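# Geometric and topological summary
Single-letter residue listing:
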Amino acid sequence: MTNTKQNQTQTFGARTPATMSPAVAQMRVTRDLHDAEAALDEALIRQANLLSSMVTARREAGLPPFLGQDALMRLLKSQQAMVDAGENWRACMDG
């Protein structure tokens, strides 16, 4: 191993490819960013569907209106955390 190669390995770690161009790195980060944003949206949709299913199931089973309220509140807090994460994400991208 050449001295330069050894220095790169010590500086960046063994996993960092020394040949990745800035353009390739930018494309990878952009792709992963879009994937992360899509995953956040998908999680919000799934949580909304779960909330709907929970309330509908309770009503259709003829259960009392506030049965399972703790679970609903936890789900709503989780949804709020996802929305907050999206807002924090946007703020990072803007700033």
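Conventions adopted
Residues numbered from 1 in each chain as written. Predicted model: local features only at pLDDT ≥ 70, side-chain atom pairs only at ≥ 80, totals over all residues. Heavy atoms only, no water. Helix = DSSP H or I, 4+ residues; strand = E, 2+ residues; numbered from the N terminus. Contact = heavy atoms within 4.5 Å. Salt bridge = Lys/Arg side-chain N within 4 Å of Asp/Glu carboxyl O. Buried < 20%, exposed > 50% of the residue type's maximum accessible area, 1.4 Å probe, protein only. Axes fitted to C-alpha atoms, helices over the stretch in contact; angles between N-to-C directions. Parallel < 35°, antiparallel > 145°, perpendicular 65-115°, else oblique. Left-handed = near helix turned anticlockwise from the far one by under 90°. Nonpolar A, V, L, I, M, F, W, Y, C, P; charged D, E, K, R; others polar.

The residue Gln47 is located in helix H2 (residues 22-60) in this model. Gln47 has contacts with Leu75, Ser78, Gln79 and Met82, leaving out every residue within four places of it along the chain.

This part takes up the pattern of salt bridges. Where side chains of opposite charge bring their charged atoms close, a pairing between them can arise. Across all of its chains, the model carries 2 salt bridges by this definition. Between Arg31 and Asp32 there is a salt bridge whose closest N-O contact spans 3.1 Å. Residues Glu42 and Arg46 are paired through a salt bridge, measuring 2.8 Å at the closest nitrogen-oxygen approach. One end of the pair is Glu42 and the other is Arg46, both in helix H2 and 4 residues apart, which spans about a single turn. On the accessibility criterion, Glu42 (37% relative accessible area) is partly exposed.

Before going further, it helps to spend a moment on the packing of H2 against helix H3 (residues 69-94). Following both chains from N to C, one finds H2 and H3 inclined at 160 degrees, their axes separated by 10 Å at the closest point. On the basis of their axis angle, the class for H2 and H3 is roughly antiparallel. The two elements H2 and H3 cross, and the hand of that crossing is left-handed. Here the residues of the contact of H2 with H3 are counted per class, giving 19 nonpolar, 5 polar and 2 charged.

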